[in-house]
Amino acid sequence: MELLDSERGQAVQVGAILLFGFLVIGLSLYQATVVPQQTKATEFGAYLDASDDLVSLHNDVLATATRGVQSGVTVQTGVQYRPRVVFINPGPPTGSLTLTDSRDITIAGADAVDGEPEAVRTLWDGGTRTYESKVLRYSPDYNEFDGTPITVSGAAVQREAGANVVPLGGQTLVSGNRITAVSIDGRIGQTAARTPLTVAPISSATRTVTVTNESDEDITLTLPVGSNATAWSRSPTADRMLENARVKAVSDLGDGADPTNSLVRVTLNGSYTYELRLAKVELSSSSAASTVASPDGQYLVPVTTGAAAAPDKSTEVVVEARDRYNNPVEGELIDFTVTEGDASPTSRTVTTTDDGRAGFAFTPAADADGPITVRASGDLDGDGTVEAIEQTTYTVPLVNGSGSGGGTGAGDDGSTGEINPPQEDQDVILTGATATNGNDAARISLNNTGAERVVTSFRVSFYYPDQGGNGAETASFNGSPAQNVGADQYTLGPDRVTLPSDATTDITIDFAANKNLDTRGDFFILTVQFDDGEFATYFVAVP
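Quick notes on the rules
Residues numbered from 1 in each chain as written. Predicted model: local features only at pLDDT ≥ 70, side-chain atom pairs only at ≥ 80, totals over all residues. Heavy atoms only, no water. Core = buried A, V, L, I, M, F, W, Y, C linked by side-chain atoms within 4.5 Å. Buried < 20%, exposed > 50% of the residue type's maximum accessible area, 1.4 Å probe, protein only. Contact = heavy atoms within 4.5 Å. Pairing = 2+ DSSP bridges. Helix = DSSP H or I, 4+ residues; strand = E, 2+ residues; numbered from the N terminus. Axes fitted to C-alpha atoms, helices over the stretch in contact; angles between N-to-C directions. Salt bridge = Lys/Arg side-chain N within 4 Å of Asp/Glu carboxyl O.

Enquirer: Sorry if this is basic, but what is going on with the nonpolar core here?
Expert: Note that soluble globular proteins tend to have their nonpolar side chains buried in a common cluster. Among the nonpolar cores identified, the biggest contains 39 residues, and Trp124, Leu173, Leu221, Val266 and Leu268 are the most heavily contacted of them. With residues up to four places along the chain from it excluded, the contact list for Leu173 reads Ala155, Arg178, Ile179, Thr180, Ala181, Leu221, Leu223 and Val266. Counting residues in each nonpolar core, the second largest holds 29 residues, with Ala65, Leu97, Val281 and Leu283 among its members.

Here it is in structure tokens:
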């Protein structure tokens, strides 16, 4: 017997197959269209995270360079996709972090100003000083999102988008009258989805050198910024730099001078003065051992100013060893030798501490009657020869009970100016001193034998009390705010003193802030600066 409805089940089966086919097609379309879009969005978010991480890294480079503290950041160089139950994520991509080959940082036309130590002026004499630096490059390698490379130099961080450069932060090379040049060295190992990096100080910019151009010519700075210096010189970063009146031009070097197109030249107006800071940092994977050695010392500068010695009393002079970045160097051997005068010990070798300084304490003999000359020297660069910039000399005046003495009491850079100017034309001569104001001040008489001059700054570098009395800790000049004895030169405002031509002017040096002080029989060293820039130092004995 034949069943009339025996084929009805075939329609259900066909329908189920068709529905399954539509489902497969839908899933395939989702996998082919929606998943890539979601992947791209995830990768874009990871790229933004990487950008933020590299901005933080650049901030760490500057902080380490100027503060000397090791820092670090983890860079999001890969992507973590969200897990899927049905659909398939592409393989996890990982971008690369690499350091470029070293390129030159050059500074040309910079002269150290007269107030800098002699060794500094010898090195910074308007010639070209060269340093090396690398640039960190992040090259993303996403599956869907086309991220542009990001570069981090010692001056800026930016995206290199084809023919354009997009800054991710401000430049740190020139700010007002401050120049901060940071050299980057190191080695980056293999990268992962998240790559930790460490920034370690090699030479921290703890010292500043004041520079200008003595001929009012340009000062030029050349430094590596990435792989498209032409675009960098036309970027908003360069435009903002040019808003500084001291910056004359920002440009690339051209194909002839720089075939790699990685160097930018910044031209500064040399008639201004600038505060120059140099530093070197090491950038490396956190797991990598350090491969960058600390620089050797290059020159020696005096630290002590206004020193004076007394028989049978210990006096110390201090020097500082610096490297080619003008920063202190630890571990240098400094030889101190008494080359003139009767003092002990006559020699000693001292190792510089973490601030680059070494001190030598000596005691003049009881019957010593002249200045003590101490020479400090060291073969800082290890070439077997002690060069002129690797030594400095102190001539320390000897003060006896009556307050007499002579010598400079400073290093051989001549920063004290003329000592007790003699009775010659055009000099300002100390003609007398007397105790006043209840004996807690001294009135000095200055005879100006030349044209009218104005005292614009002062400092009292040393005070020696008579017969073990109280010494002064502060001094005031012509009513100025009290300044610490031994402090730097203080610039006078309304307290400036005009010295008429061919006339004697009385000036009061007030020590009233010091308790129970009697200036009678005491001795102090006063240095003044005139409006023509010259200095004069007076050894004042108060009767």
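Once you've had a look at it, read on.
Enquirer: Any chance you could explain the sheet that holds strand 24 (residues 372–377) here in plain terms?
Expert: Strand pairing in a sheet is mediated by backbone hydrogen bonds. Such pairs are either parallel or antiparallel. Sheet architecture is open: 4 strands sit in the order 22-20-24-25, paired in antiparallel fashion. Looking at the sheet topology across the chains shown, the edges are occupied by strand 22 (347–351) and strand 25 (391–396). Taken over all neighbouring pairs, the strand axes of this sheet differ in orientation by 20 degrees on average, direction set aside. As paired strands, strand 20 (residues 333–340) and strand 22 are joined by 5 bridges and run antiparallel to one another. Considered in strand 22, the bridge of Phe336 is made with Arg348.

Enquirer: Even after reading the chapter, I still don't get the pattern of salt bridges, so can you show me in this structure?
Expert: Two side chains carrying opposite charge are able to pair once their charged atoms lie near each other. Under the defined criterion, the tally for this structure stands at 11 salt bridges. Between Asp218 and Lys248 there is a salt bridge, and its shortest N-O distance comes to 2.9 Å. With Asp218 in the loop between strand 13 (209–212) and strand 14 (219–224) and Lys248 in strand 15 (residues 247–252), this residue pair connects regions lying 30 residues apart in the sequence. Judged by relative accessible area, which is 33%, Asp218 ranks as partly exposed. Close ionic contact of Arg453 with Asp532 constitutes a salt bridge, the shortest N to O distance being 2.9 Å. Here Arg453, found in strand 29 (residues 453–464), pairs with Asp532, found in the loop between strand 35 (523–530) and strand 36 (535–541); they are 79 residues apart in sequence, far enough to count as distant. On the accessibility criterion, Arg453 (10% relative accessible area) is buried. Residues joined by salt bridges that share partners form a network here, namely Arg207, Glu320, Arg322 and Arg357.

Enquirer: Which parts of the structure should I look at to understand the side chain of Thr106?
Expert: In this fold, Thr106 is placed in strand 3 (residues 103–108). A relative accessible area of 19% means that Thr106 is categorised as buried. Beyond its immediate stretch of four places on either side in the chain, Thr106 contacts Thr128, Arg129, Thr130, Thr220, Leu221 and Thr222.

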